[in-house]
Amino acid sequence: MRIVQKFGGTSVASIERIRKTADIIQSELNQGKQVAVVVSAMSGETNRLTAMARELSATPAVRELDALVATGEQVSAALLAMELQSRGIAAYSYSGGQAGFVTDGDHVRARIKSVESAHLLVHMQAGEVPVVTGFQGVDEHGNVTTLGRGGSDTSAVALAIAVEADVCDIYTDVDGIYTTDPRMVPKASKIDRISYEEMLEFASLGAKVLQTRSVELAMRFEMPLHLRSSFDLVQGTMVVGEDETMERAAISGVAFNRDEAKITIMEIPDQPGIAANVFGPVAEAGINVDVIVQNVSEQGFTDITFTVPRSDYLPTMEIMRVLCKQMQARDVKGDDTVAKVSVIGVGMRSHAGVAKAMFDVLAVEGVNIQMITTSEIKITVVLEEKYIELAVRALHTAFGLDRQEA
Ligand code: ADP
Ligand code: ASP
Ligand code: MG
């Protein structure tokens, strides 16, 4: 059996935690498994490094930012390799570049182009343990790049695929995927098995337990993920292809994201091409537009409202002010205190009335819905951020997701 084990920030947060992580690796080796390890930076380290850069400049050069934050993972990889070696295990740390991770040159959010890690496989087969820095690679010119926050998950899945591992174990500080973030809803229930498709919705709608791209990759290559705790070695959650044994409740979980901002461009003279005019420059600026609503045109005018990540709010407003003039629209207004709440479930395909049930719950709680968007397996609403806890808890209870006390 061949496995890739990924340890998140809390699993390498201190010398004591590094020892505990080494215990976990050692126990897998003792069972005769071939093991490669991917580590995150010690928890808080990526934020600490980023904050230092921001003290020097509001807009630090992204190449240098990557060179800086990539050091976090190098520290934990080297420390963990030392600890393994002191136990007589042949373990060696590798930076992303050394491990063969080649990315595009889009600093701070680079995408993996290839993983050339045949050399690591040779070590694994010899019972040695490569300890690879997560979250990073090098571009074709050898510049250090990083994969976006939470990117070590994606590094681990990519490595698991490259060395043809049987499973990728993601060790973190929760013992599985829950029906919603257990930090917000203590009554959230643990899910034993979840399909890639649902997990992808969970992740992309705000559940930061796995980076979205790691789930996309796992789905594409059918790499099973086992999300579990390094604090409590119980069975966690398996993220796998959809199968017959999965539960078919209408709703599997509730996700939320506070990192949202909403922009409306009002009374645009309606004619073919206006949507392309509005979203073209936003896309060119590398900004991801999410929920879009265009209302019916009245007397030749229409409004378009859309959401963007909160960090892109100001640049998007700038772009819209320019466009507003060019397109002779009436005005632009924005709000960066909105949030998004979604209910997710493949069971929605076979259960009618989920949308109505969701809107009823929010109405009873007095939560005003600002925007709505749906897909086959999710319904998302945009609302005022201050209602987020209320909305998530009420929906979690109403859809029968609260943990039943034994
Ligand atoms: P790591 O540093 O190990 O990558 P993260 O902080 O990135 O850990 O991810 C784990 C956290 O994800 C948990 O502590 C939990 O608060 C959060 N989380 C959000 N949504 C969920 C969910 N649906 N199930 C489990 N954890 C969730
Ligand atoms: N250290 C990086 C971060 O904090 C990558 C990761 O932990 O996955 O985002
Ligand atoms: Mg993470």
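Here, the structure is the one placed above.
None of the values given here were measured: they were computed from a predicted structure. (Residues numbered from 1 in each chain as written. Chains lettered and ligands numbered in written order. Predicted model: local features only at pLDDT ≥ 70, side-chain atom pairs only at ≥ 80, totals over all residues. Heavy atoms only, no water.)

Peer 1: Residue-level account of the packing of helix 5 (residues 152-162) against helix 7 (residues 212-221), with values.
Peer 2: Two numbers describe a pair of packed helices, the interaxial angle and the distance between the axes. In the contact formed by helix 5 and helix 7, the axes pass within 8 Å of each other and the chain directions differ by 20°. Between helix 5 and helix 7, the angle falls in the class roughly parallel. In the packing of helix 5 onto helix 7, the handedness of the crossing is left-handed. Contact with helix 5, carried on its side by Asp153, Thr154, Val157, Ala158 and Ile161, involves Arg213, Ser214, Leu217, Ala218 and Phe221 of helix 7 and no other residues of that element. Tallied by class, residues from the contact of helix 5 with helix 7 come to six nonpolar, two polar and two charged. (Axes fitted to C-alpha atoms, helices over the stretch in contact; angles between N-to-C directions. Helix = DSSP H or I, 4+ residues; strand = E, 2+ residues; numbered from the N terminus. Parallel < 35°, antiparallel > 145°, perpendicular 65-115°, else oblique. Left-handed = near helix turned anticlockwise from the far one by under 90°. Contact = heavy atoms within 4.5 Å. Nonpolar A, V, L, I, M, F, W, Y, C, P; charged D, E, K, R; others polar.)

Peer 1: I'd like to hear about the nonpolar core, residue by residue, with values.
Peer 2: Counting residues in each nonpolar core, the largest one holds 39 residues, and the members touching the most others are Val4, Leu159, Cys168, Met199 and Leu210. The set of elements that each furnish at least two residues to this core consists of strand 2 (34-39), helix 4 (118-125), helix 5, strand 9 (167-172), helix 6 (196-204), helix 7 and strand 11 (225-229). For this core, the element with the most residues is helix 5, which contributes six residues. Among all residues touching Met199, those that are not within four sequence positions of it are Ile177, Ile194, Val209, Leu210, Val215 and Val239. Listed in part, the 25 residues of the second largest apolar core include Met184, Val367, Val392 and Phe399. (Core = buried A, V, L, I, M, F, W, Y, C linked by side-chain atoms within 4.5 Å. Buried < 20%, exposed > 50% of the residue type's maximum accessible area, 1.4 Å probe, protein only.)

Peer 1: Give me the environment of Ile251: which residues, what numbers.
Peer 2: Considering the arrangement of structural elements, one finds Ile251 in the loop between strand 12 (237-240) and strand 13 (253-269). Judged by its relative accessible area of 3%, Ile251 falls in the buried class. The spacing of Ile251 and Met320 is 69 residues in sequence and 37 Å in space, taken between C-alpha atoms. Here Ile251 is in contact with Val343, Ile344, Gly345, Met348, Val354, Phe399 and Leu401, once residues within four sequence places are set aside.

Peer 1: Go over the packing of aromatic side chains with me, naming the residues and quoting the values.
Peer 2: Enumeration according to the criterion identifies two aromatic pairs in this entry. Seen from their ring centres, Phe7 and Tyr171 are 4.7 Å apart, and the 15° between their planes marks the pair as stacked. One end of the pair, Phe7, is in strand 1 (residues 2-7); the other, Tyr171, is in strand 9, with 164 residues separating them in the sequence. The residues Phe7 and Tyr171 share a single accessibility class, namely buried. Each ring, one from Phe279 and one from Phe306, has its centre 5.1 Å from the other, and the planes form 80°; the classification is edge-to-face. Placement of the pair is Phe279 in helix 8 (residues 274-284) and Phe306 in strand 15 (residues 301-309), with a sequence separation of 27 residues. As far as burial versus exposure is concerned, Phe279 and Phe306 are alike and both buried. Cation over ring: Arg17 sits above Phe231, and NZ or CZ is 3.6 Å from the ring centre. (Phe/Tyr/Trp six-rings, centres within 6.5 Å; stacked < 30°, edge-to-face > 60°. Lys NZ or Arg CZ within 6 Å of the ring centre and 35° of its normal.)

Peer 1: Would you mind going over the sheet that holds strand 11 in detail, with residue names and values included?
Peer 2: Spatial strand order, 3-6-2-1-9-11-12-10: eight strands in an open sheet with mixed pairing. Of all strands in the sheet, those with a lone pairing partner are strand 3 (91-94) and strand 10 (193-195), marking the two edges. Between one strand and the next, the sheet's axes are offset by a mean angle of 20°, whatever the strand orientation. Pairing of strand 9 with strand 11, which is carried by five bridges, proceeds in the parallel orientation. Among the inter-strand pairings, Tyr171 is bridged to a residue of strand 11, identified as Arg228. (Pairing = 2+ DSSP bridges.)

Peer 1: Any chance you could break down the sheet that holds strand 18 (residues 378-384) for me, citing the residues and the numbers?
Peer 2: What the six strands build is an open sheet, ordered 14-15-13-16-18-17; its pairing is antiparallel. Looking along the sheet, the strands with just one partner apiece sit at the ends: strand 14 (292-294) and strand 17 (371-375). Pairs of neighbouring strands in the sheet enclose a mean axial angle of 25°, with direction left out of account. The pairing of strand 13 with strand 16 (residues 331-344) spans 11 bridges and is antiparallel. Looking across to strand 16, one finds that Phe256 is bridged to Val341. Together, strand 16, strand 17 and strand 18 form the strand contacts of helix 10 (residues 354-364), whose direction differs from that of strand 18 by roughly 20°.

Peer 1: How would you sum up the side chain of Arg17? Please name residues and give values.
Peer 2: With respect to the secondary-structure elements, Arg17 resides in helix 1 (residues 15-30). Within polar-contact distance, the side chain of Arg17 engages the backbone oxygen of Thr10 at 3.1 Å. Excluding anything up to four places from it in sequence, Arg17 contacts Thr10, Ser11, Val12, Ser230 and Phe231. (Polar contact = N/O pair within 3.5 Å; in protein donor to acceptor, adjacent residues only side chain to side chain.)

Peer 1: Hey, could you go over the pairing of strand 18 for me, with residue numbers and the actual values?
Peer 2: Counted residue by residue, strand 18 has six buried out of seven residues, so it is predominantly covered. Direction of pairing for strand 16 relative to strand 18: antiparallel, over a ladder of seven bridges. Counterpart to Val341 in the pairing with strand 18 is Val381. In this structure, strand 17 lies alongside strand 18, joined through five bridges in antiparallel fashion. Looking across to strand 18, one finds that Met371 is bridged to Val382.

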